[in-house]
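# An overview of the molecular structure
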Amino acid sequence: MERSNTLQRIEKWLLRETGKAIADYNMIEEGDTVLVCVSGGKDSHTLLHLLRILQAKAPINFRLIAMNLDQKQPGFPAEVLPAYFEKTGVDFRIIEADTYSVVKEKIPEGKTTCSLCSRLRRGIIYRTAKELGANKIALGHHRDDMVHTLFLNLIFGGKLKAMPPKLVTDDGAHVVIRPLAYCAESDIARYSRGMEFPIIPCNLCGSQDNLQRQKIREMMQEWDQKFPGRTEAVFSALQNVVPSHLADTKLFDFKGLKAGLTPAAEGDTLFDPPELPPMLAPRGPLDGDDFPLPVVAGA
Ligand code: SF4
């Protein structure tokens, strides 16, 4: 395929952001085996492709294994990903597990199925990582996912909590990494269309989009249209937390504060208007031609 300048520019940008996130959070180290979870959506396809390019250029050695979980949803085009993985030459495993039937059996009609489905899927991914000796598990969540999760927890859960770029699994056996943490969904979508990845539709299970997440997504889209760069600014806030200016007694010793102690970072702002930096201009690959709508495998 001849690659347009636009596609090359987006790829370069995404590689830069992914490489930066990997370095900032020390996501991948010498000798790692990284299990890359590929659902067949735009994000996981992009993740796998970028990691393969970075692997070829990296000064360290690490192994990548692509994994797809065939959840036996009706209409799942089971042949698409194995054919793609074989064509690209990536090491891969297809795991078949009928979580679809389990979820349908356990969850009453009309109720949201995602939380049980995700729990089952997580267990299977961790088990597969153990069997394959993978110490890292890479997921395709991007910057918008992380910001949306922050607002979900903030507005509906009363918690200041997002989705971390790196975490240790509950059993302590693996490290989960999100190398696309700095990448915008819109850039990933354009790249995926340009690359013509064989996309598998994500609504095969018949579940309605989570309503609350959908509302947050719409809210952010609206903000971003009115004030471009808002998602980026909110993400940047996740990297610039000032515990002394929140109200969590577990994070900051408010009770122990007394005159004469060293003032907290960012100081006393009691009578000052908040200092707002100039609007962050949105960063990204230069605008260019977009690509046609995604190729839907099995459609
Ligand atoms: S959308 Fe369907 S496949 Fe995805 S987590 Fe929810 S129930 Fe599972």
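Keep in mind that what you see is a predicted model, and the values were worked out from it rather than measured.

## Points about the overall build of the protein
Across its full length, the protein carries 9 helices and 6 strands. For 299 residues, the compact-globule formula gives about 19 Å, and the C-alpha radius of gyration of the protein, at 21 Å, lands near that figure. For the protein, the spread of C-alpha atoms along the three principal axes comes to 70 × 50 × 40 Å. Per-residue burial over the protein gives 27% buried out of 299 residues. For the protein, the proportion of contacts with a sequence separation of at least 24, taken over those separated by at least 6, is 80%.

## Structural notes on the packing of helix α6 (residues 143-156) against helix α8 (residues 211-226)
The contact between α6 and α8 brings their axes to 9 Å, and the two run at 115 degrees. As the angle between them shows, α6 and α8 are arranged roughly perpendicular. Viewed along their axes, α6 and α8 form a crossing whose handedness is right-handed. Taking contact as the criterion, the partners of Val-147, His-148, Phe-151, Leu-152 and Phe-156 in α6 are, on α8, Gln-212, Arg-213, Ile-216, Arg-217 and Met-220. Broken down by class, the residue content of the contact of α6 with α8 amounts to 6 nonpolar, 2 polar and 2 charged.

## Focus: unusual backbone geometry
Backbone geometry places Asn-26, a non-glycine residue, at a positive phi of 50 degrees. Tracing the sequence through the fold places Asn-26 in the loop between α1 (5-24) and β1 (33-37).

## Focus on the packing of helix α4 (residues 99-106) against helix α5 (residues 114-132)
As a packed pair, α4 and α5 sit with axes 10 Å apart at the nearest point and diverge in direction by 145 degrees. The two elements α4 and α5 meet at a crossing, and its hand is right-handed. Contacts between α4 and α5 involve Thr-99, Val-102, Val-103 and Lys-106 from the former and Leu-116, Cys-117, Leu-120 and Arg-121 from the latter. Of the residues that constitute the contact of α4 with α5, the class distribution is 5 nonpolar, 1 polar and 2 charged.

## With respect to the site of the ligand
In the vicinity of the ligand, the contacting residues are Thr-113, Cys-114, Cys-117, Ser-118, Cys-205 and Ser-207. Its residues assigned to classes, the shell around the ligand shows 3 nonpolar, 3 polar and no charged.

## Some remarks on the pairing of strand β3 (residues 92-96)
Pairing between strand β2 (residues 63-70) and β3: 5 bridges, direction parallel. Paired with Leu-69 across the strands is Ile-95, a residue of β3. Each parallel crossover has a hand, and the one from β2 via helix α3 (residues 80-88) to β3 is right-handed.

## Considering the UniProt feature "short sequence motif: PP-loop motif" (unreviewed entry) in the protein
Following the UniProt record, one finds the feature "short sequence motif: PP-loop motif" (unreviewed entry) at residues 39-44. Annotated as 50% helix and 0% strand, the span residues 39-44 places its first and last C-alpha atoms 6 Å apart.

## A word on α4
Because each turn of an α-helix spans 3.6 residues, side chains separated by three or four positions end up pointing in the same direction. All buried positions along α4 are accounted for by Thr-99, Tyr-100 and Val-103. Summarising the axial view, the buried residues of α4 lie within an arc of 105 degrees, below the 170-degree limit, and thus occupy one face. The outward face of α4, more than 90 degrees from its buried face, is lined by the exposed residues Ser-101 and Glu-105. As for α4, its buried residues are in contact with α5.

## What to know about the UniProt feature "binding site: [4Fe-4S] cluster" (unreviewed entry) in the protein
Within this numbering scheme, the UniProt entry marks Cys-114, Cys-117 and Cys-205 as carrying the feature "binding site: [4Fe-4S] cluster" (unreviewed entry). On the basis of their most widely separated C-alpha atoms, the annotated residues across 92 residues gather in one place, lying no more than 10.0 Å apart. In this fold, Cys-114 is placed in helix α5. Classification of Cys-114 as partly exposed rests on a count of 16 C-beta atoms within 10 Å.

## A word on the environment of Lys-136
Examined against the element boundaries, Lys-136 turns out to sit in strand β4 (residues 136-138). For Lys-136, a count of 22 C-beta atoms within 10 Å corresponds to the buried category. C-alpha of Lys-136 to C-alpha of Ile-28: the two residues are 108 residues apart in sequence and 7.9 Å apart in space. Setting aside anything within four residues of it in sequence, one finds Lys-136 in contact with Ile-28, Asp-32, Val-34, His-174, Val-175 and Ile-177.

## A look at the sheet that holds β2
Across the sheet, which stays open at both edges, the 6 strands sit in the order β3-β2-β1-β4-β6-β5 with mixed pairing between neighbours. Only two strands of the sheet have a single partner each, and these edge strands are β3 and β5 (166-168). Across the sheet, the axes of successive neighbouring strands diverge by a mean angle of 25 degrees, strand direction being ignored. By the bridge criterion, 3 bridges tie β4 to strand β6 (residues 175-177) in an arrangement that is parallel. The residue of β6 that forms the bridge with Ile-137 is Val-176. Here α5 sits on the sheet in contact with β1, β2, β3 and β4, set at roughly 150 degrees to β1.

The rules we used
Residues numbered from 1 in each chain as written. Predicted model: local features only at pLDDT ≥ 70, side-chain atom pairs only at ≥ 80, totals over all residues. Helix = DSSP H or I, 4+ residues; strand = E, 2+ residues; numbered from the N terminus. Rg over C-alpha atoms; globule rule 2.2 N^0.38 Å. Buried ≥ 20, exposed ≤ 12 C-beta atoms within 10 Å, placed from the backbone. Contact = placed C-beta atoms within 7 Å. Axes fitted to C-alpha atoms, helices over the stretch in contact; angles between N-to-C directions. Parallel < 35°, antiparallel > 145°, perpendicular 65-115°, else oblique. Left-handed = near helix turned anticlockwise from the far one by under 90°. Nonpolar A, V, L, I, M, F, W, Y, C, P; charged D, E, K, R; others polar. Near = placed C-beta within 6 Å. Pairing = 2+ DSSP bridges. Right-handed = clockwise from strand over helix to strand, strands pointing away. UniProt positions renumbered as here; feature names shortened; annotations may be inferred. Arc of directions from axis to C-beta.

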